[in-house]
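Architecture at a glance
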Amino acid sequence: VNTREHPLGIPPPSEQDWAKEDEEDFFLLDPDRKRGVLPQPFRMINKLVMQVFERAMEIIERKEMLREAQKRKVQPKKCFPTAEFQVTDRANCLAVSGKYIFVGLSVGLAAFNTSDPKDVCAWDAAKTEICAIHASDLGSECHVLLAVDEMGLVWLFCFHKGSFLLIKILNEVVDVSQRSPCVEVVLSQGGDYAGILLQGNTKAWLEVYQLPKDSWLTEMEKNTGAAEDLACSERRSSCSSLVQNTSISLCALPVSATQADVELDPPELLLTVRPPKPITGTTFKGPLDALKEVDDGSMLGLGYNHLIKDSQWELQEAIFCSTYQEYLEAEGVIKEEIPRYATFHFLLPSRVLSGPEMTVQPDIPVGIGVHWDGNHNFCLYLLNHSLKDKAGSDLKPDVVWPCAAPIACSAVSSCSRYLALAGEDATITIWDKHLGYPLSVTAILDERFIRSIHFL
């Protein structure tokens, strides 16, 4: 018989068997490693140090991945300058034409030859600051330049064999108070036409000039031959007489003769394009008068050929204002104003810009496309109009392409066949100017405002 001296009881727990708070997998640990566990607070310090090392390794691995991705990219080629041109004044703008670089300075103009850094020519006769410059190569070492100074005057130059020749100031007037500064200049490729946008106190307009470059080249060639004969005669006289200073450069004689003797023909004003007027009530007495205007082809597409009276316009405006009064009061009422800025492009021949009796060349512009700020229409004008035929009346566009929203900006491809119009509603329309219909319409998400657009 087995007898117990003491009553049966539950033994008290031991602290060694308790689970550690920071050791979740304590039961998986090797029993021999239990003696190597660090006591507090060393375990906490060890944990923080390990976290720091893990974070550092993550940063190192991320940088290594970025470095490897950068190595796989195509590295841009580093270009170093092959020549350096020193100017005495501040350079504001520059233009490249042929082998010359034309620089607009704080006082005058300068021309640098890219093949010879020492070949430098300057013009500072007017002591004016040049803010914008456009240049085009006419051939036979002749270049045409359009420069805009700080006062908004447009200077037309002809640069020939190292000399500047001032032809005309396009917007010069006798009365300074009536002067209209230029805000935009466009020179067609090849130098056949030039367009300048002028702004007055309350209005703006676009003037398109035809440049007689053929007569300029003929006159410059004649003058070059005369200058060479003059240089030869001066050289023979200097050889026969020792009185003349031998330090005179022979190449300077043609330059002086060119500047003094040449008189080039001024450009011809072809078109004066004014912004479209706001649409008002009709002046037609009946539908027959409106149909006559449509058959005549004038003002087609601008919205002027309608039979809506002034009273109907006023009634429509009153209904609109009463319906959306709370929105108009919150945003303010914006009255329609005549636009004062325009974007324009010279356009090469196409089916849209062609007439039955027009003789065109593929590399010479035949029209100009214009759109004014806040206007829905892109207007095309032919360059074969005569200003005398349009005297006393506003010039009407030959073709009008309407858009659903006001046009914000535009661009023309290098071949002049494709036209891109970006509206204020963030839509881009690509037109085929040769066929006359749109190819695609793309809407930008979030209705962002497009400020500029370019063909690549």
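Residues numbered from 1 in each chain as written. Predicted model: local features only at pLDDT ≥ 70, side-chain atom pairs only at ≥ 80, totals over all residues. Heavy atoms only, no water.

- Looking at an unreviewed UniProt entry, the protein chain carries the name WDR93 protein, with the source organism given as Chloropsis cyanopogon.

**Focus: the overall build of the protein chain**
- Of regular secondary structure, the protein chain possesses six helices and 20 strands.
- Considering only residue pairs separated by 6 or more positions, the protein chain has 50% of its internal contacts joining residues 24 or more positions apart.
- By element, 54% of the accessible surface of the protein chain is carried by carbon and sulfur atoms, the whole surface being about 30,600 Å². (Helix = DSSP H or I, 4+ residues; strand = E, 2+ residues; numbered from the N terminus. Contact = heavy atoms within 4.5 Å. Areas by Shrake-Rupley, 256 points an atom, 1.4 Å probe, with all protein chains shown as cover.)

**Quick notes on the pairing of strand β7 (residues 154-160)**
- In terms of burial, β7 is largely enclosed, as seven of its seven residues are buried.
- Of the two faces of β7, both are covered, the one formed by V154, L156, C158 and H160 as well as the one formed by W155, F157 and F159.
- Hairpin connection from strand β6 (residues 142-149) to β7: four residues lie between these consecutive antiparallel strands, with G152 at a positive phi of about 85°.
- Sheet topology note: the β7/strand β8 (residues 164-169) ladder contains five bridges and is antiparallel. (Buried < 20%, exposed > 50% of the residue type's maximum accessible area, 1.4 Å probe, protein only. Pairing = 2+ DSSP bridges.)

**Overview of the side chain of S97**
- In this fold, S97 is placed in strand β1 (residues 91-97).
- In terms of polar contacts, S97 uses its side chain to reach the backbone amide nitrogen of D137, at 3.0 Å.
- Leaving out residues up to four positions away in the same chain, S97 has contacts with F102, A135, S136, D137 and H143. (Polar contact = N/O pair within 3.5 Å; in protein donor to acceptor, adjacent residues only side chain to side chain.)

**Section: the sheet that holds strand β2 (residues 100-105)**
- Ordered by their spatial adjacency, four strands build an open sheet running β1-β2-β3-β4, and the pairing between neighbours is antiparallel. The outermost strands of the open sheet, each flanked by one partner alone, are β1 and β4 (120-123). Sheet twist, expressed as the average angle between the axes of neighbouring strands with direction ignored, equals 20°. (Axes fitted to C-alpha atoms, helices over the stretch in contact; angles between N-to-C directions.)

**Considering the confidence of the model for the protein chain**
- Looking at the protein chain as a whole, its pLDDT mean stands at 77, while 71% of the residues score no less than 70.
- Taken together, the stretch residues 229-260 has pLDDT below 50 and engages in 22 contacts with residues farther than four places along the chain or on a different chain.
- This model gives residues 295-299 a pLDDT under 50, and the stretch forms six contacts once residues within four places in sequence are excluded. (pLDDT = per-residue confidence, 0-100.)

**A closer look at unusual backbone geometry**
- Positive phi is not limited to glycine here, since K127 has a value of about 55°.
- Relative to the helices and strands, K127 resides in the loop between β4 and β5 (130-139).
- Positive phi is not limited to glycine here, since E141 has a value of about 60°.
- Within the secondary structure, E141 is located in the loop between β5 and β6.

**Focus: the sheet that holds β5**
- Strands sit in the order β5-β6-β7-β8 across an open sheet of four strands; the sheet is antiparallel. Either end of the sheet is taken by a strand with one partner, and the two such strands are β5 and β8. Within this sheet the neighbouring strands show an average axis-to-axis angle of 25°, counted without direction.

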